[in-house]
Protein chains: 2
Amino acid sequence: MDSISSPQAEMLLDEEPQGGPTFLDRLFDHGLLIRTGVDGLYGRSGAFESVVEALDRLISRLGAADGAEVMRFPPGMSRPAFERSGYLKGFPNLAGTIHSFCGDGAGHAEILACVEEGRDWTDQQEATDVVLTPAACYPLYPVAAARGALPAEGRLFDLQSYCFRREPSLEPTRMQLFRMREYVRMGSPEQVLAFRESWLERGTAMMRDLGLPLAIDVANDPFFGRAGRMLANNQRAQGLKFELNVPVNSVEKPTACLSFNYHQDHFGSTWELRQADGSVAHTACVGFGLERITLALLKHHGLDLAAWPEAVRDALWG
Amino acid sequence: MDSISSPQAEMLLDEEPQGGPTFLDRLFDHGLLIRTGVDGLYGRSGAFESVVEALDRLISRLGAADGAEVMRFPPGMSRPAFERSGYLKGFPNLAGTIHSFCGDGAGHAEILACVEEGRDWTDQQEATDVVLTPAACYPLYPVAAARGALPAEGRLFDLQSYCFRREPSLEPTRMQLFRMREYVRMGSPEQVLAFRESWLERGTAMMRDLGLPLAIDVANDPFFGRAGRMLANNQRAQGLKFELNVPVNSVEKPTACLSFNYHQDHFGSTWELRQADGSVAHTACVGFGLERITLALLKHHGLDLAAWPEAVRDALWG
């Protein structure tokens, strides 16, 4: 697929004035995001959440006719399932494992003494069987595979969850904990590619209706290390993943707000998920970064929601 | 306050037949909860989520007139804030710290070899500055304190987040990751106790409208270890925390679905939060266990939402 751009994509971004407050600072000053002392970990105001919720409902409306099965997973998943998923091959540095204290009273006393004296107390923490969810669809594949072979028409799922990626940053669009909405299609290559194509169109139309300048391009995932460069080249060369980018932090490095991902038979093979005819299932997903789209709206339409263009407010709350 | 019971509280719970499927099994079989392979970590169906969302809206309606400030925090919080909060004194075993890999290509190769061979790969994980949120209000106190002294009328906040507690269990009401809705009041002792009293009434009325048998009693928190017994005795003797209990897993050990917690000046002192007159602020909160109330409804009204009593459906979706 060729890269496509909306007429607005070349629109100049209203850049932050040199030396003035950054976009992140302005979000804090207006109370839309709330500082926690950790970069990329923020509270959200009621106004911010009202946009996230409106987007979530808008995406539901756009997908309603497809009759996806709704599932919601908590922000953590089984570690064995996470290990098997293959995530550690590409992104070991982004994963978050959950550790807990399994000691006794003496260990507890040591923890409290460490905290009191400002020393590290976490060396008694042991890895649990829970890992933070890296993308909303990761907990789904083993669940879908456990149901047996797909029906002839395949399956379609509707997911949303908080996801974790360990990449502390001052770019407001790069949060450590953020929400991802996803539709996931499982079936034949033709079925899942047709699904991806339909969401490339719907997602583009949705973002144009929201008055956002955009461009669709092949994805540029930050695979880890030297071996990762090969994974990234392969992903690009095969056109496996597209992103819908909107300039938020800068025009030069726009922000991926939606992604359209064809996994081929990766998850099908990994989880032994089969089509009705017994061949390995293919999968594809469309992901919506709910905080990122919200931030794109705040950047382009301003920090006062009541002053957003009527058409945008109608698309969200009409 | 005396313990109060609704007339229904002595109603016999429709116990699972001996040797038949447990309540948890029936929830899996009906697809309301979804297995992940980890006890206490489950997916939720669209039907389950529709109840959680309806409860969330119902609680919003009940509190609407108070004009609480809405804030939403992600399921993780700053580790320094967590350490200062005092949570580790009472519940070190329930906390979940987030760890990540900070190594290089050689470390990455070692991780992948471990996963391949089924060996533990987590010893290269290092503690980050993020901890899973143990209760929805924990991230709030430092944020509120950073604003300076309270106004004369105090403050009121509206929170909801996924919370983590490391207590794997086969009781469906004891999940490792679950959602807690909270209102948090900050002000004088009189202000925060009046708030707690009003929610004892509202919460009781809400649960009666939902057709649930209930009893309110002093809380019985599972403080850790020998020193914990003193903390628990103190909490009970001073009537600091009440719980609204509904029989779900059994009549003998009913489930705390709501809690009403007077922290005295604990968080005020910890975070140097002051009243308008300069004295240390007192705080109180009411917490709603959204999954627990949902499970209580499923237990008492059945697994088919469409067959729930008209009055209950009206209260939720009317």
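As the structure is a prediction and not an experimental result, all values here were calculated from the model.

Enquirer: Please clarify how the overall build of chain A should be interpreted in this entry.
Expert: On a plain count of helices and strands, chain A comes out with 11 helices and 13 strands. On C-alpha atoms alone, chain A measures out to a radius of gyration of 21 Å, which is about the 20 Å that the 2.2 N^0.38 rule sets for 318 residues. With respect to the principal axes defined by its C-alpha atoms, chain A has extents near 65 × 60 × 40 Å. Put simply, chain A has 318 residues, and 56% of those count as buried. Considering only residue pairs separated by 6 or more positions, chain A has 71% of its internal contacts joining residues 24 or more positions apart. When the accessible surface of chain A is split by element, carbon and sulfur atoms take 50% of a total near 12900 Å².

Enquirer: Explanation requested: the environment of B:Y262 in the structure shown.
Expert: Residue and element names in this part refer to chain B. If you trace the backbone, Y262 turns up in strand β12 (residues 255-264). On a C-alpha basis, the gap between Y262 and V184 in space is 10 Å, while along the polypeptide they are 78 residues apart. When neighbours within four sequence positions are excluded, Y262 is seen to be in contact with P189, V192, L193, R196, L240, H282, T283 and A284. Within the structure, Y262 has its side chain in polar contact with the side chain of H282 (distance 2.7 Å).

Enquirer: Teacher, can you tell me more about the nonpolar core here?
Expert: Nonpolar side chains tend to gather and get buried jointly when the protein is soluble and globular. All names here are of chain B. Counting 93 residues, the largest nonpolar core has M207, L210, F288, I293, L297 and L298 as the members making the most contacts within it. Considering each element in turn, this core owes the most residues, seven residues, to helix α2 (residues 46-63). Non-local contacts of M207, meaning those with residues more than four positions away in its chain, are made with L212, L214, L244, V246, C257, L258 and I293.

Enquirer: Whenever I open this one, the packing of aromatic side chains confuses me. Can you help?
Expert: Aromatic ring pairs are described here by two measures, namely the spacing of the ring centres and the angle between the planes. Inspection of the entire model under this criterion finds 22 aromatic pairs over all chains. Aromatic side chains A:F91 and A:F223 sit 4.9 Å apart centroid to centroid with 25° between the ring planes, which places their arrangement in the stacked category. Residue A:F91 is located in the loop between α4 (87-90) and β6 (97-101), and its partner A:F223 is located in the loop between β10 (215-218) and α8 (225-237); the two are separated by 132 residues in the primary sequence. Each member of the pair A:F91 and A:F223 is classed as buried. Ring centres of A:F101 and B:F224 lie 6.0 Å apart, and the angle between their planes is 65°; this geometry places the pair in the edge-to-face category.

Enquirer: Looking at this model, I keep getting lost on the sheet that holds β6(A). Mind explaining?
Expert: Working definition: the strands of a sheet are paired by backbone hydrogen bonds and lie parallel or antiparallel to each other. One open sheet holds the six strands; their spatial order is β5(A)-β7(A)-β6(A)-β6(B)-β7(B)-β5(B), and the pairing between them is antiparallel. With one partner strand each, in any of the chains shown, β5 (76-78) of chain A together with β5 (76-78) of chain B form the two edges of the open sheet. Across this sheet, the average inter-strand angle for adjacent strands is 55°, counted without regard to direction. Note: β6(A) against strand β6 (residues 97-101) of chain B, three bridges, orientation antiparallel. Each residue of the ladder has a partner; that of A:I98, found in β6(B), is B:I98.

Enquirer: Would you mind showing me how to read the pairing of strand β4 (residues 69-72) of chain B here?
Expert: Sheet faces and side chains relate simply in a regular strand, where the side chains alternate between the two faces. Taken together, the two bridges between strand β3 (residues 41-45) of chain A and β4(B) define a ladder with antiparallel strand orientation. Residue pairing in the sheet places A:R44 in a bridge with B:R72 of β4(B). As paired strands, β4(B) and strand β8 (residues 155-164) of chain B are joined by two bridges and run parallel to one another. The partner of B:E69 across the bridge, within β8(B), is B:F157.

Enquirer: Just to check I follow, could you spell out the UniProt feature "domain: Aminoacyl-transfer RNA synthetases class-II family profile" (unreviewed entry) in chain A for this structure?
Expert: The sites that UniProt annotates as "domain: Aminoacyl-transfer RNA synthetases class-II family profile" (unreviewed entry) are residues 163-309 of chain A. Between the end C-alpha atoms of residues 163-309 of chain A there is a gap of 31 Å, over a span that is 35% helix and 28% strand.

Enquirer: Explanation requested: the pattern of salt bridges in the structure shown.
Expert: Once the charged atoms of two side chains with opposite charge are near each other, the side chains can pair. All told, the structure shown has 34 salt bridges over all chains when counted by the stated rule. A salt bridge links A:D66 to A:R202; its shortest N-O distance comes to 2.7 Å. A residue pair is termed long-range when its members are at least 10 positions apart, and A:D66 in the loop between α2 (46-63) and β4 (69-72) and A:R202 in helix α7 (residues 189-209) qualify at 136 residues. For B:D56, the salt bridge is made with B:R181, and the minimal N-O distance between the two is 2.7 Å. Highlighted residues: B:D56 in helix α2 and B:R181 in strand β9 (residues 177-187), separated in sequence by 125 residues. In this structure, B:D56 and B:R181 share a single accessibility class: buried. Ionic contacts of the salt-bridge type, sharing partners, join the residues A:R44, A:E49, A:R179 and A:E291 into one network.

Enquirer: Explain unusual backbone geometry to me, please; I cannot follow it from the model alone.
Expert: Phi is mostly negative for residues that are not glycine, and the peptide bonds are mostly trans. Non-glycine residue A:Q264 carries a positive phi angle of around 50°. Residue position: A:Q264 is located in strand β12 (residues 255-264).

Enquirer: What is the right way to read helix α7 (residues 189-209) of chain B from this model?
Expert: In an α-helix, one turn spans 3.6 residues, which is why side chains three or four residues apart end up on the same side. Residues and elements named next belong to chain B. Given a rise of 1.5 Å per residue, 21 residues ought to cover 30 Å, and the 30 Å separating the end C-alpha atoms of α7 matches this to within 8%. Buried within α7 are the following residues: V192, F195, R196, W199, L200, G203, T204, M206 and M207. Within α7, the buried residues cover an arc of 160° as seen down the axis, which keeps them to one side. Of the exposed residues in α7, the ones pointing more than 90 degrees away from its buried face are E190, E201 and D209. G211 occupies a position one or two residues after α7 and carries a positive phi of about 70°.

So, how was this worked out
Residues numbered from 1 in each chain as written. Chains lettered and ligands numbered in written order. Predicted model: local features only at pLDDT ≥ 70, side-chain atom pairs only at ≥ 80, totals over all residues. Heavy atoms only, no water. Helix = DSSP H or I, 4+ residues; strand = E, 2+ residues; numbered from the N terminus. Rg over C-alpha atoms; globule rule 2.2 N^0.38 Å. Buried < 20%, exposed > 50% of the residue type's maximum accessible area, 1.4 Å probe, protein only. Contact = heavy atoms within 4.5 Å. Areas by Shrake-Rupley, 256 points an atom, 1.4 Å probe, with all protein chains shown as cover. Polar contact = N/O pair within 3.5 Å; in protein donor to acceptor, adjacent residues only side chain to side chain. Core = buried A, V, L, I, M, F, W, Y, C linked by side-chain atoms within 4.5 Å. Phe/Tyr/Trp six-rings, centres within 6.5 Å; stacked < 30°, edge-to-face > 60°. Pairing = 2+ DSSP bridges. Axes fitted to C-alpha atoms, helices over the stretch in contact; angles between N-to-C directions. UniProt positions renumbered as here; feature names shortened; annotations may be inferred. Salt bridge = Lys/Arg side-chain N within 4 Å of Asp/Glu carboxyl O. Expected span 1.5 Å × (residues − 1). Arc of directions from axis to C-beta.

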